[in-house]
Structures are given as structure tokens and as C-alpha cells.
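A look at the structure
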Amino acid sequence: MEYEYMLMRNEKETQNRCCGGRVWCVQDICGIICAVLTWSLILYAEFVVTMVILIPHPYKAYRYINFIIFNTGSFLAFASHLRTMLSDPGAVPKGNATKEMIQQLGYQEGQVFFKCPKCCSIKPERAHHCSVCQRCIRKMDHHCPWINNCVGENNQKFFVLFTFYIAFISIHSIFLAVNQFCLCIKNEWRECSNYSPPATVILLLFLILEALLFAVFTMIMLGTQLNAIWTDETVRPVDFVSFSCSGIEQLKKEEARWVKKSRWKSFQAVFGHFSLAWFSPFTQPLRAKHENYLYSV
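By the naming in an unreviewed UniProt entry, the protein is Palmitoyltransferase, taken from Anopheles culicifacies. Taken verbatim from the UniProt record of the protein, the Subcellular location (unreviewed entry) comment is "Membrane". Per UniProt, the protein has the following entry under Catalytic activity (unreviewed entry): "L-cysteinyl-[protein] + hexadecanoyl-CoA = S-hexadecanoyl-L-cysteinyl-[protein] + CoA".

Next comes the structure, spelled out in C-alpha cells:
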């Protein structure tokens, strides 16, 4: 058995890696399709807002201000999605359940610890095995196909930012589309858009429908994620058309065996010390000392 663990531990991890092993990427066809669909819907909203609503708008100030606001939000949403998808969520190394590692972690003979039979690893507290990622993930919340990754200890900040920016641009899209309808009704339809009236109506209606669905879903997810951070536990958000998002700890009805952080410390653990970097998908929160550093890949 020890020999099998060593083989698995020394095995080159390739199933969740790309670009020569430098980038985390779950090779799940369903997740990849969902991720591409997400990008396509963002690009569609970008096209309609820019080409149908803002460019033909008669007021330059309205046009430029909303162009900057919407495109900034879209860029940050897209960047947050990529960071969430391509970040290691906190995978525990395979095959680390060896005598050497057990001694290194300070376990005494007869002391109870958890070991995953599927990936032959020592499971840290609050870690759970993901059947899609085929790894144990530290502080795993759920596996989300729309980001083709698990939400865990290392990428929860990016997932929260993704839901926040998608909700923001969705609400902004609804505002712009409704204003455009009012403008077209007041004036001649052919003058308020570069497209024919039927095409304009269809494009705007589909944008409003898309924005409403995304706004509702992402606001629910944002609320549940913030509540999870606030209470220092994973919670089960409302299932939404099989989005496969369910908080592991509440789903399994686990009792909190860990020492809960204060609410502010819990937010700092996810986002880092308070600054504008909280809202940036390009900065990783700095932790003074990672309590589970021995479990890192």
C-alpha cells in the first residue's frame, strides 16, 4: 500500500493541468462547454449594448459614460471568470498519505486523521473530494460547471468577484435596454438604431431576458457566498436549473469541528486586508501564514 501511495504521489499531475503543467484547467467537456457559453453571452451583451444602444445614441455624454462603465464591468467579469477557472482551488496532492508525511504533519501513533481512499491523500479539515476534479479540495464549497472548476480556498475571492460583476453589468444592461426602448418609442424607430426595427426589438428583448436571468442567479450566488464567508462555513445556495451549486458542509449536515474565525477575519482570509485590491481579480490575497501549507501542491 505504501508503494502505491508513493507511485501516485510521484506521478506527474496532468489531468487538471495544461500549458506544460503551469496552468490549472479541469478537462471536463461539460464544464468547458458551459464556460464557452458564459463567454458567448457576455460577448453578446457587449455587442448589443455597444452597437445597438450606445453608438447610435444622440447624446455623447450618455454614450461615453455608459460605454466606459459597461466595458469596465464586462472586462472585470471576464477576468474574474478566467481567474476562477484557471486557479488551483486548493487541491491536496495525490498520494501524500505516507508515513513520512504523517510524521511531518505531527500526527502521533493512534491519533485519528482522515484519509481519502479515492486519491490516497491526507484530508485537511474541511477538505472534500470532488469527483469531477478528481482531487480533494481544501475548504471546498461546490463544483460549478459554469466556471469549470471547484470553488475552494484559493479561488473563492475570484468567484465572488465574478458573481458581483456579472450582476452589475446585468442590471446595467437592463437599464440601458429599457432606456433604448423608451427612446425608440418617442422617436422614429429607424433613427434610434442602425438595425431594422424588428431586429432591434429582438436583440433588445433577448438582452433583457439574458440580463434578468443572470442578475437573479448571480445575486443569489453572491448573497450565499458572502453569507458563507460571514459565518465561516459553506452554505447551500438555491439550485437554479441544475447549476450544480450546493454547499458541501450544509449538504452533508456537518457540524463545525473547526475553530470559527471572527467575521472580519473570515473576510480577510478570503480577500486579504481591506483595500481596493478586494475588487481586483488580478491580486491574490496575501496570507501571513497558511495553516495548511503542508497540504499544498
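Having put the structure on the table, let's press on.
1. Focus on the packing of helix H2 (residues 29-54) against helix H3 (residues 60-86)
Between H2 and H3, whose axes approach to 11 Å, the crossing angle comes to 175 degrees. As far as their axial angle goes, H3 and H2 are roughly antiparallel. Together, Ala35, Thr38, Trp39, Ala45, Glu46, Val49, Thr50 and Leu54 of H2 and Tyr62, Arg63, Asn66, Phe67, Phe70, Asn71, Ser74, Phe78, His81, Leu82 and Met85 of H3 make up the contact between the two elements. When grouped by side-chain class, the residues that make up the contact of H2 with H3 number 11 nonpolar, six polar and two charged.

2. Description of the UniProt feature "transmembrane region" (unreviewed entry) in the protein
UniProt tags residues 32-55, 61-79, 158-178 and 198-222 as "transmembrane region" (unreviewed entry). Between the C-alpha atoms that bound residues 61-79 there is a distance of 27 Å. The span itself is 100% helix and 0% strand. A distance of 35 Å separates the end C-alpha atoms of residues 198-222, which is 100% helix and 0% strand.

3. A look at the nonpolar core
In this structure, Val48, Ile53, Ile166, Leu204 and Leu207 are the most contacted members of the largest nonpolar core, which totals 34 residues. Only H2, H3, helix H5 (156-186) and helix H6 (197-231) provide two or more residues apiece to this core. Ignoring anything within four residues of it in the chain, the contact list for Leu207 reads Tyr44, Ala45, Val48, Val49, Ile53, Ser173 and Ala177. Grouped together as the second largest cluster of nonpolar side chains are eight residues, Ala91, Cys130, Met140 and Cys150 included.

4. A short note on the side chain of Thr163
Considering the arrangement of structural elements, one finds Thr163 in helix H5. Take Thr163: its relative accessible area is 2%, and that puts it in the buried class. Within the local environment of Thr163, its side chain forms a polar contact with the backbone oxygen of Val160, the two atoms lying 2.7 Å apart.

5. Overview of a nonpolar patch on the surface
Taken together, the side chains of Phe164, Trp264, Phe274, Leu276 and Phe279 make up a nonpolar region of the molecular surface, amounting to roughly 590 Å² of accessible area. Tracing the backbone shows Trp264 in helix H8 (residues 263-271).

6. As for the packing of H5 against H6
The interhelical angle for the contact between H5 and H6, taken along N-to-C directions, is 150 degrees, at an axis separation of 7 Å. With respect to the hand of their crossing, H5 and H6 are arranged in left-handed fashion. Looking at side-chain class alone, the contact of H5 with H6 contains 23 nonpolar, seven polar and no charged residues.

7. Some points on H8
Those residues of H8 lying buried are Ser266, Phe267, Gln268, Val270 and Phe271. Each element contacted by the buried residues of H8 is listed here: H5 and H6. Just downstream of H8 lies Gly272, where phi reads positive at about 90 degrees.

8. A closer look at the packing of aromatic side chains
For the structure shown, the criterion picks out 11 aromatic pairs. With 5.9 Å between their ring centres and 55 degrees between their planes, Trp39 and Phe78 make a pair best called tilted. On the criterion of sequence distance, the pair formed by Trp39 in helix H2 and Phe78 in helix H3 is long-range, its members being 39 residues apart. By relative accessible area, Phe78 is classed as partly exposed at 30%. Pairing Phe274 with Trp278 gives two aromatic rings, centres 5.0 Å apart and planes at 80 degrees, and the pair type is edge-to-face. Of the residues examined, Trp278 reaches a relative accessible area of 11% and is grouped as buried.

Parameters at a glance
- Residues numbered from 1 in each chain as written.
- Predicted model: local features only at pLDDT ≥ 70, side-chain atom pairs only at ≥ 80, totals over all residues.
- Heavy atoms only, no water.
- UniProt positions renumbered as here; feature names shortened; annotations may be inferred.
- Axes fitted to C-alpha atoms, helices over the stretch in contact; angles between N-to-C directions.
- Helix = DSSP H or I, 4+ residues; strand = E, 2+ residues; numbered from the N terminus.
- Parallel < 35°, antiparallel > 145°, perpendicular 65-115°, else oblique.
- Contact = heavy atoms within 4.5 Å.
- Nonpolar A, V, L, I, M, F, W, Y, C, P; charged D, E, K, R; others polar.
- Core = buried A, V, L, I, M, F, W, Y, C linked by side-chain atoms within 4.5 Å.
- Buried < 20%, exposed > 50% of the residue type's maximum accessible area, 1.4 Å probe, protein only.
- Polar contact = N/O pair within 3.5 Å; in protein donor to acceptor, adjacent residues only side chain to side chain.
- Patch = residues over 30% accessible without salt bridge, like charges linked within 9 Å, V, L, I, M, F, W, Y side chains within 5 Å.
- Areas by Shrake-Rupley, 256 points an atom, 1.4 Å probe, with all protein chains shown as cover.
- Salt bridge = Lys/Arg side-chain N within 4 Å of Asp/Glu carboxyl O.
- Left-handed = near helix turned anticlockwise from the far one by under 90°.
- Phe/Tyr/Trp six-rings, centres within 6.5 Å; stacked < 30°, edge-to-face > 60°.

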